[in-house]
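Working through the structure, step by step
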Amino acid sequence: MTTDTEEPTLTIDELAARAGVTVRTVRFYGTKGLLPPPVLGPRRVGHYGREHLARLALIEELQHQGMTLAGIERYLHRLPPDLSARDLAVHRAVVASWAPDAVEKVTREELQRRAGRPLGDEDVERLVAMGVLRPTDGGYEADLGLLRLGVGLLDVPLSQEAISAARTVLIEHARAAARELSRLFRGEVAERDARDVRSLSAHMHPLVVQALLTAFQRSLKEELGEWLTEPSEESR
């Protein structure tokens, strides 16, 4: 896998396997302009990177929401062409937030297909510890909304304890923000009729999710920037 700053290193077969699609699908999306062309290496072999993988994940999420291919084309063509894998992941998170909770029973083979990569016993154990999977007779109950996030965390160099602690922090702060925003909105709609309340809710949901994601993304960028620029103990 590449980082945002590394050269693309995935062949089309590796990209398709990671994304859980066929090579034919990757080529089809390329001809439709849904995927940027690969970087041509020696012997004119195409190489793909994290941006291609993130764009395939976004396409899959849009499909899960019931969007047609024409609708997906319009959606992707409105995006800036130079979005990084991180930016595309934010767009996918916004799209995924509209989906209802989806828990599905899957076999080990189906789980690996959904994950888009081989999963060893240790990987599965970590996904269970994250709450993404729950073992059942003959397979697992998988939270499909969290599966790709959990699989992505398998490659993050953090201990399971740190991931669990981070999950707790995010849930606690998200619930606190939801409570405060709910109180604020209730004050605004207290004197309105039910139709106005439903209309406000329908309009505010996507706006609030986008605002929270944007605010958190910028705050995290600032925090990480300060952390990375702090002088180390050795340089003091």
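Residues numbered from 1 in each chain as written. Predicted model: local features only at pLDDT ≥ 70, side-chain atom pairs only at ≥ 80, totals over all residues. Heavy atoms only, no water.

Overview of the side chain of His52
Following the sequence through the fold, His52 ends up in helix α3 (residues 50–64). Looking at His52, its side chain comes within polar contact range of the main-chain oxygen of Pro36, at 3.1 Å. Residues within four places of His52 in sequence aside, it is in contact with Leu15, Leu35, Pro36, Pro37 and Pro38. (Helix = DSSP H or I, 4+ residues; strand = E, 2+ residues; numbered from the N terminus. Polar contact = N/O pair within 3.5 Å; in protein donor to acceptor, adjacent residues only side chain to side chain. Contact = heavy atoms within 4.5 Å.)

Concerning the layout of surface pockets
Empty space within the second largest pocket amounts to approximately 220 Å³. For the lining of the second largest pocket, the elements supplying multiple residues, two or more each, are α3 and α6 (108–115). Each residue belonging to the lining of the second largest pocket can be placed in one class, and the counts come to five nonpolar, three polar and four charged. (1 Å grid on protein atoms, 1.4 Å probe; cavity = no way out; pocket = protein on both sides within 12 Å on 5 of 7 lines; lining within 4 Å. Points joined across faces, edges and corners; volume = space filled by probe spheres on them. Nonpolar A, V, L, I, M, F, W, Y, C, P; charged D, E, K, R; others polar.)

A closer look at the confidence of the model for the chain
Regions with low pLDDT carry predicted coordinates that are not meant to be interpreted in detail. With 79% of its residues at a pLDDT of at least 70, the chain reaches an overall mean of 79. When pLDDT is averaged over each element of the chain, helix α2 (residues 23–31) comes out on top at 94 and helix α10 (residues 194–229) at the bottom at 69. With pLDDT under 50 throughout, residues 1–5 is counted as low confidence; its partners more than four residues away or in other chains account for 15 contacts. (pLDDT = per-residue confidence, 0-100.)

Quick look at the packing of aromatic side chains
For the coordinates displayed, the defined rule picks out one aromatic pair. On the basis of an interplanar angle of 50° and a centroid distance of 6.1 Å, the ring pair of Phe28 and Tyr29 is categorised as tilted. According to the relative accessible area criterion, Phe28 is partly exposed, its value standing at 38%. Taking relative accessible area as the criterion, Tyr29 reaches 8% and is therefore assigned buried. (Phe/Tyr/Trp six-rings, centres within 6.5 Å; stacked < 30°, edge-to-face > 60°. Buried < 20%, exposed > 50% of the residue type's maximum accessible area, 1.4 Å probe, protein only.)

Re the pattern of salt bridges
Counted according to the given criterion, the structure contains four salt bridges. A salt bridge links Asp121 to Arg108, with the nearest nitrogen and oxygen atoms 3.2 Å apart. A residue pair is termed long-range when its members are at least 10 positions apart, and Asp121 in helix α7 (residues 121–129) and Arg108 in helix α6 qualify at 13 residues. For Asp121, a relative accessible area of 54% corresponds to the exposed category. Overall, the relative accessible area of 24% leaves Arg108 in the partly exposed class. Residues Glu110 and Arg113 are paired through a salt bridge, measuring 3.0 Å at the closest nitrogen-oxygen approach. Residue Glu110 and its partner Arg113 are both found in helix α6; the two are separated by three residues, about one turn of the helix. Classification of Arg113 as partly exposed rests on a relative accessible area of 46%. (Salt bridge = Lys/Arg side-chain N within 4 Å of Asp/Glu carboxyl O.)

Re the packing of helix α1 (residues 12–19) against α2
Any two packed helices are characterised by the angle at which their axes cross and by the distance between the axes. It is at 8 Å that the axes of α1 and α2 come closest, and there the two elements cross at 100°. By the angle between their directions, the pair α1 and α2 is classed as roughly perpendicular. Of the residues in α2, those in contact with Ile12, Asp13, Leu15 and Ala16 of α1 are Val23, Val26 and Arg27. Residues that form the contact of α1 with α2 fall into these classes: five nonpolar, no polar and two charged. (Axes fitted to C-alpha atoms, helices over the stretch in contact; angles between N-to-C directions. Parallel < 35°, antiparallel > 145°, perpendicular 65-115°, else oblique.)

Digging into the sheet that holds strand β3 (residues 103–106)
Each strand in a sheet pairs with its neighbour through backbone hydrogen bonds, running either in the same direction (parallel) or in the opposite one (antiparallel). Reading across from one edge, β3-β5-β4 is the order of the three strands in this open sheet, with antiparallel pairing throughout. Strands at the two margins of the open sheet, each flanked by one partner only, are β3 and β4 (133–136). For this sheet the average axis-to-axis angle between neighbouring strands, irrespective of direction, equals 25°. Sitting on the sheet, α6 is in contact with β3, β4 and β5 (139–143), with an inclination near 125° to β3. (Pairing = 2+ DSSP bridges.)

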